[in-house]
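Results of the structural survey
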Amino acid sequence: MYLPGIQAADLDLSALKQQYRRPTTIPFPERTPYSPQLATLGKMLFFDPRLSGAQNLSCASCHNPSFGYEVPVKGAIGAANTPLARKAPTVLNAAWTAPLFWDGRAKTLEEQAAGPITADVEMNAQFPEIVARLKGIPEYKTWFDRLFPGRGVTKDNLLTAIATYERTVVTGWAPFDRWVEGDAQAISASAANGFRLFNSKAGCAGCHTGWNFTDNKFHDIGIPTEDVGRAKIEPSNPLARHAFKTPGLRNLTYRAPFGHKGQFADLDAILAFYETGGVERPSRSPLMRPLSLSTSERADLLAFLRALTAEKTETALPNLPN
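Here we summarise the structure given alongside this text.

Concerning the overall build of the protein
Scanning the protein for helices and strands turns up 11 helices and 2 strands. Ordered by position from N to C terminus, the α and β elements of the protein give α-α-α-α-α-α-α-α-α-β-β-α-α. For 322 residues, the compact-globule estimate of 2.2 N^0.38 gives 20 Å, and the C-alpha radius of gyration of the protein, at 21 Å, lies within 12% of that figure. Structurally, the protein occupies a C-alpha span of about 65 × 45 × 30 Å along its principal axes. The 322 residues of the protein split such that 52% are buried. A sequence separation of at least 24 residues applies to 69% of the contacts in the protein between residues at least 6 apart. Put simply, the protein shows about 14900 Å² of open surface, and 54% of that area lies on carbon and sulfur atoms. A distance of 2 Å separates the average location of the 35 positive side-chain charges in the protein from that of its 31 negative side-chain charges.

Section: the side chain of Asp215
Considering the arrangement of structural elements, one finds Asp215 in the loop between helix 9 (189-198) and strand 1 (218-219). Salt bridges are absent for the buried Asp215, whose nearest opposite-charge side chain, Lys217, sits at 5.5 Å. Within the structure, Asp215 has its side chain in polar contact with the backbone nitrogen of Lys217 (distance 2.9 Å). Look past the residues within four positions of Asp215 in its chain and what remains in contact with it is Gly206, Cys207, Thr209 and Thr246.

Focus on empty space enclosed by the protein
Taken as a whole, this structure holds 1 cavity of 30 Å³ or more when the rule is applied. Approximately 40 Å³ is the volume attributed to the largest cavity. Along the lines of polarity and charge, the residues of the lining of the largest cavity split into 4 nonpolar, 4 polar and no charged.

Here's the deal with the layout of surface pockets
Size it by volume and the second largest pocket reaches roughly 210 Å³. Along the walls of the second largest pocket sit Arg31, Thr32, Pro33, Ser35, Leu38, Glu110, Glu111, Leu147, Phe148, Asp156, Leu159 and Thr160, which together make up its complete lining. Only helix 4 (109-118) and helix 7 (155-167) provide two or more residues apiece to the lining of the second largest pocket. When residues in the lining of the second largest pocket are grouped by element, the largest group, 3 residues, is from helix 7.

Side note on the pattern of salt bridges
Taken as a whole and assessed by the stated rule, the structure comprises 19 salt bridges. The partner of Asp177 in a salt bridge is Arg22, with the nearest N and O atoms 3.4 Å apart. A residue pair is termed long-range when its members are at least 10 positions apart, and Asp177 in helix 8 (residues 175-180) and Arg22 in the loop between helix 1 (13-17) and helix 2 (36-46) qualify at 155 residues. Judged on exposure class, the residue Asp177 and its partner Arg22 are both buried. Here Arg178 ties to Glu311 by a salt bridge, and the two come within 2.7 Å at their closest N and O atoms. Of this pair, Arg178 sits in helix 8 while Glu311 sits in the segment after helix 11 (295-306); the two residues are 133 residues apart in sequence, bridging distant segments of the chain. On the basis of relative accessibility, which here comes to 47%, the residue Glu311 falls in the partly exposed class. What you see here is one network of salt bridges that share partners, running through Arg86, Asp103, Arg105 and Asp227.

Some remarks on the packing of aromatic side chains
The tally for this structure, following the rule as stated, stands at 22 aromatic pairs. Sitting over the ring of Trp143, Arg146 keeps its end group 4.7 Å from the ring centre.

Observations concerning unusual backbone geometry
The linkage connecting Ala98 with the following residue, Pro99, adopts the cis geometry, with an omega of -5°. Note on placement: Pro99 falls in the loop between helix 3 (59-62) and helix 4. Between Ala256 and the following residue, Pro257, the backbone shows a cis peptide bond with an omega angle of 0°. As for its placement among the helices and strands, Pro257 is situated in the loop between strand 2 (244-245) and helix 10 (267-276). Notably, Asn81 is not glycine yet its phi reads approximately 60°, a positive angle. With respect to the secondary-structure elements, Asn81 resides in the loop between helix 3 and helix 4. The exposed category is assigned to Asn81, whose relative accessible area is 63%. The residue His242 is not glycine, and still its phi comes out positive at about 65°. In this structure, His242 sits in the loop between strand 1 and strand 2.

Criteria and thresholds
Residues numbered from 1 in each chain as written. Predicted model: local features only at pLDDT ≥ 70, side-chain atom pairs only at ≥ 80, totals over all residues. Heavy atoms only, no water. Helix = DSSP H or I, 4+ residues; strand = E, 2+ residues; numbered from the N terminus. Rg over C-alpha atoms; globule rule 2.2 N^0.38 Å. Buried < 20%, exposed > 50% of the residue type's maximum accessible area, 1.4 Å probe, protein only. Contact = heavy atoms within 4.5 Å. Areas by Shrake-Rupley, 256 points an atom, 1.4 Å probe, with all protein chains shown as cover. Lys, Arg positive; Asp, Glu negative; His and termini not counted. Charge placed at Lys NZ, Arg CZ, Asp CG, Glu CD. Salt bridge = Lys/Arg side-chain N within 4 Å of Asp/Glu carboxyl O. Polar contact = N/O pair within 3.5 Å; in protein donor to acceptor, adjacent residues only side chain to side chain. 1 Å grid on protein atoms, 1.4 Å probe; cavity = no way out; pocket = protein on both sides within 12 Å on 5 of 7 lines; lining within 4 Å. Points joined across faces, edges and corners; volume = space filled by probe spheres on them. Nonpolar A, V, L, I, M, F, W, Y, C, P; charged D, E, K, R; others polar. Phe/Tyr/Trp six-rings, centres within 6.5 Å; stacked < 30°, edge-to-face > 60°. Lys NZ or Arg CZ within 6 Å of the ring centre and 35° of its normal.

Below, the structure written as C-alpha cells:
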C-alpha cells in the first residue's frame, strides 16, 4: 500500500505489516492439483538439457537456483551462442506471478514454459522431437504413464509437469517475514525505517505491493531503451510503450544485475536510478518522479530490501533418468 504524502514516522506499522504477510498455501489450478510425484517429474524436466535442440541447455540454464532462479549476467546465453535480448525473469514465487515474461505475453506457467523451449535463440527445440526423445527413456515413460494414464508423454503433459514444479519454487522465510509475524528484533532499526520509507516518501509500494512485492502490472519507469516492452501486446495503450512487468523483490541479494536487460549492476545502482525519476516521456508512469533521499534514508532502504532475502535457501538437484 503506497501512502503518498504520509511521513514515514507517521505510519501505523502494525496495520501496514499485514499487507505483506506470507500466504500459507500455494495456489494450484483446479485442473492440475499438486502432487509430489508430478512436481518431482517437473523438476527433472526443468533441469534436463534433453529438452533443448542440441541437448545442451535446460530451463535452469537461464533460471539458476544459485542466482535466485535467474543468471548473474545481463542476458543469458541461448542456442545461438549470443546473449538474449532480455534478462530472464526469476521463477521464484511464480505461482503468484501472472501474466508472465517482462511483457506479459504468457497468461499461465504452462504457456510460459513452451516459449523458451521452442524459441530458436533460446533452447531451439521442437516438441515432437522432445516427446520422442522422452518416450525413449524408460523411467520418464513410466512416470508419464503413471501420472497421465492413457496419455503418457505429450507436449501438454510435459508443460503441466514443469509448471507444477515451478509453482513449488517459493522463497523461504526472510528476516522481514519474522518481523511481520511479531519478532521485533528480526530486522534492524535501519531496515524498519526503510520499510516505512518504502511505503511513503520513496514511493516504492506504488508498484511493489503484497507479500511478493509486485502488482503484476506493467510500468514504464523511464529506463533508456529501444525495447517497446508491453506495447507489443497492447499497441493502442500509450502507457504500454517501454513498460515492463513489475518484478517481485524477494531474494534480491542473489539476483543482480537488475532491470529488463540487466542495466543495473546492483541495488545501489538501481536505487540511484529511481532517484532520478527516469527519462521523461509520454509513456513514463505517473508514479515515477525524481526523489531526494538523504544518505541515511538510502542506507535504510537498502537495509530493508536486503531483509527480504531468505535466511536459508537450498535446492537439491534431481537425479536425471538415463
